[in-house]
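# Residue-level structural notes
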Amino acid sequence: MADPITPVLTKRWLSPNSWTIQSYEALEGYTAIRKALKGTPEQIVQLVKDSGLRGRGGAGFPAGIKWSFMPPNEDKPHYLVINADEGEPGTCKDIPLMMADPHSLIEGCIIASYAMRSHHCFIYVRGEALHCIRRLNAAVREAYEAGYLGKNILDSGFDLDITVHAGAGAYICGEETALLDSLEGRRGQPRLKPPFPAAAGLYAAPTTVNNVETIASAPYIINGGSDWFRQMGREKSPGPKIYSISGHVEKPGQYECPLGTTLRELLDMAGGMKDGVPLKFWTPGGSSTPMFTKEHLDVPLDFEGAAEAGSMLGTTAVQVFNETVSVPWAVMKWTQFYEHESCGKCTPCREGTYWLAQILERMVEGKGTEEDIDTLLDVCDNILGRSFCALGDGAVSPIQSGIKYFRDEFLALCNANKRELVGAQA
Ligand code: NAD
Ligand code: SF4
């Protein structure tokens with residue numbers, strides 16, 4: 001069951017007016033920057049490295065190592081960019097965090113900016129989340145008024161400005177380099193990597209792009225220390241994590257637990273399957289992560305555990321589907337999403353997602369053939385590893401895993417068509 005140390009990131013969420021600076025300060029808020037600003041940037045980077053904090057946006061890249069890629073000199077301006085463009089289907093953790101506790105993100109931004117010698121931080125928020133943009137702007141204003149932002153923060157000599165920027169609603173702008181293009185005012189499309197943003201990011205200057213939950217973890221690490229952080233979770237995936245649970249459960253929502261918590265435990269917390277209808281399939285981290293079945297109830301949901309069982313941790317967006325849901329139908333809906341969101345820059349993804357959606361729509365209408373299953377898998381093989389960015393790879397995950405575990409359901413749709421044809425000929 002969940003480690004008793006948690007909740008950490010969500011501990012203020014149920015306090016009255018938790019989003020105000022008064023509530024934040026009353027519950028240890030802005031105590032971590034007082035400590036951090038007394039140390040050196042190198043000490044903070046080392047502490048975050050020691051904590052083992054890994055990126056919470058989905059990829060799990062070690063945060064302290066990423067911070068250490070920023071050059072020690074300040075020949076060019078350094079930027080910290082917060083990826084708050086939460087868009088992966090089923091993912092709902094960053095927006096609730098920013099709504100309930102925006103100051104934890106702002107305090108994390110101050111710590112991370114100081115550690116990386118950045119004096120300007122951008123928070124790039126998904127454009128549709130207007131309520132969240134308003135809340136963040138109000139919190140940033142409060143932080144300026146209290147002297148936590150602006151010039152000479154708490155008499156430390158350190159200056160920092162934060163700009164909240166609204167995206168325009170494209171899923172691809174969650175990809176870090178497309179996000180940077182969009183922030184620069186251009187059409188958001190992924191850039192070739194390397195160079196990684198630490199070498200040439202925003203305005204070709206050294207930049208670190210981190211997810212909201214990653215940066216919001218920093219104040220707790222400063223206050224609690226790396227050993228405390230490592231007491232939660234698993235050796236290679238330490239710390240607390242916000243799992244967003246949606247679909248056929250009694251109590252969908254955000255559940256903060258140590259990394260490595262299993263679906264069985266999460267279902268217990270979420271009140272079990274809705275109306276007791278049994279589980280059929282689920283995603284561990286959004287639709288870009290291969291689906292799991294009821295065989296995977298005890299897989300530890302951390303970066304290694306999910307990968308060893310054949311999927312990925314992704315964004316910990318646990319989408320739960322019961323026995324009433326058709327797998328080919330769900331796979332078709334996800335594929336339509338990727339087709340719509342493909343930015344069109346590279347051929348495998350642009351053309352491939354179009355054809356995948358066409359074939360799946362035909363199958364779901366009962367007009368598919370058995371060969372369509374092989375064609376689907378063939379198109380997937382030609383997208384996976386051959387696309388310019390992770391969107392293409394993500395698009396094939398539901399199809400490949402859906403056919404792997406539920407091939408019979410796809411076949412049944414094709415055979416229904418065969419029976420109809422035979423009937424028509426007779
Ligand atoms: P990635 O593994 O390419 O990179 C992860 C991070 O590490 C990036 O910041 C990258 O710059 C850095 N990095 C990686 N290798 C590096 C190197 N050699 N040197 C310097 N920096 C390096 O993954 P990605 O394409 O950024 O993200 C893919 C993930 O995004 C997927 O796992 C998916 O789960 C997740 N995702 C999340 C959302 C969401 O809404 N949060 C949406 C879609 C996808
Ligand atoms: Fe664009 Fe898709 Fe290619 Fe990514 S994989 S660059 S989203 S076309």
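Because the structure is predicted, anything quoted here is derived from the model rather than measured. (Residues numbered from 1 in each chain as written. Chains lettered and ligands numbered in written order. Predicted model: local features only at pLDDT ≥ 70, side-chain atom pairs only at ≥ 80, totals over all residues. Heavy atoms only, no water.)

## With respect to the site of ligand 1
Contacts to ligand 1 come from 17 residues, most closely from Gly57, Lys66, Gly87, Glu88 and Glu176. Between Gly57 and ligand 1, the recorded distance is 3.3 Å, taken from a backbone N or O atom to a nitrogen atom. Between ligand 1 and Gly87 there is a distance of 2.9 Å, counted from an oxygen atom to a backbone nitrogen or oxygen. With the chains in place, 69% of the 850 Å² that ligand 1 exposes on its own is no longer accessible. (Near = heavy atom within 4 Å. Polar contact = N/O pair within 3.5 Å; in protein donor to acceptor, adjacent residues only side chain to side chain. Areas by Shrake-Rupley, 256 points an atom, 1.4 Å probe, with all protein chains shown as cover.)

## Here we look at a nonpolar patch on the surface
On the surface, a nonpolar cluster with roughly 270 Å² of combined accessible area is contributed by Phe61, Ile65 and Phe69. Position of Ile65 among the secondary structure elements: in helix H4 (residues 63–68). (Patch = residues over 30% accessible without salt bridge, like charges linked within 9 Å, V, L, I, M, F, W, Y side chains within 5 Å. Salt bridge = Lys/Arg side-chain N within 4 Å of Asp/Glu carboxyl O. Helix = DSSP H or I, 4+ residues; strand = E, 2+ residues; numbered from the N terminus.)

## Regarding helix H14 (residues 347–364)
An ideal rise of 1.5 Å per residue puts 26 Å on 18 residues; H14 measures up with 25 Å between its terminal C-alpha atoms. Within H14, the full set of buried residues consists of Cys349, Gly352, Thr353, Leu356, Ala357, Ile359, Leu360 and Met363. (Expected span 1.5 Å × (residues − 1). Buried < 20%, exposed > 50% of the residue type's maximum accessible area, 1.4 Å probe, protein only.)

## Observations concerning the domain arrangement of the chain
As far as domains go, the chain holds domain 1 (21–231), domain 2 (237–322) and domain 3 (327–424). Domain 2 and domain 3 are separated by 24 Å when their C-alpha centres are compared. Every contact between the two is made by 13 residues of domain 2 and, on the other side, 13 residues of domain 3. It is Lys280, Ser287 and Met291 in domain 2 that bury the most area against domain 3; as a group they hold 50% of the surface buried on that side. (Domains from an automatic or database assignment. Contact = heavy atoms within 4.5 Å. Buried area = accessible area lost by both parts, 1.4 Å probe.)

## Observations regarding the nonpolar core
Membership of the largest hydrophobic core comes to 62 residues, with the highest contact counts inside it found for Trp67, Ile110, Ile123 and Val125. Sort the elements by how many residues they give to this core and helix H6 (residues 102–115) lands first, with 8 residues. Those residues within four positions of Trp67 in sequence are excluded, and the remaining contacts are Ile44, Val45, Val48, Ala112, Ala115, Met116, Thr208, Asn210, Ile215 and Ala218. Core analysis: the second largest hydrophobic core is formed by 45 residues, Val209, Leu356, Val379 and Ile399 among them. (Core = buried A, V, L, I, M, F, W, Y, C linked by side-chain atoms within 4.5 Å.)

## Thoughts on the site of ligand 2
In the vicinity of ligand 2, 13 residues are found, and the nearest of them are Cys343, Lys345, Cys346, Cys349 and Cys389. Of the residues belonging to the shell around ligand 2, the class tally is 8 nonpolar, 4 polar and 1 charged. (Nonpolar A, V, L, I, M, F, W, Y, C, P; charged D, E, K, R; others polar.)

## Digging into unusual backbone geometry
Lys193 connects to Pro194 through a cis peptide bond whose omega is -10 degrees. Locating Pro194 in the fold gives a position in the loop between helix H8 (176–183) and strand E4 (207–211). Put simply, Pro194 and Pro195 share a cis peptide bond, and its omega is 5 degrees. Here the phi dihedral of Asp155 falls at roughly 60 degrees; this positive angle occurs in a residue that is not glycine. Mapped onto the elements, Asp155 comes out in the loop between helix H7 (130–145) and strand E3 (161–166). Taking relative accessible area as the criterion, Asp155 reaches 69% and is therefore assigned exposed. Despite not being glycine, Thr316 has its phi angle at roughly 55 degrees, a positive value. Among the secondary structure elements, Thr316 is positioned in the loop between helix H12 (303–308) and strand E9 (317–322). Judged by its relative accessible area of 0%, Thr316 is buried.

## A short note on the sheet that holds strand E1 (residues 79–84)
Strand order in this open sheet of 4 strands is E3-E2-E1-E4, and the pairing throughout is parallel. In this open sheet, the two strands that pair with only one neighbour each are E3 and E4. Averaged over all neighbouring strand pairs, the angle between strand axes comes to 20 degrees, with direction disregarded. Here 5 bridges tie E1 to E4, and the two strands are oriented parallel to one another. In the strand pairing of E4, Val81 is matched with Val209. Its contacts with the sheet put H6 on E1, strand E2 (120–125) and E3, and the angle it makes with E1 is roughly 150 degrees. (Pairing = 2+ DSSP bridges. Axes fitted to C-alpha atoms, helices over the stretch in contact; angles between N-to-C directions.)

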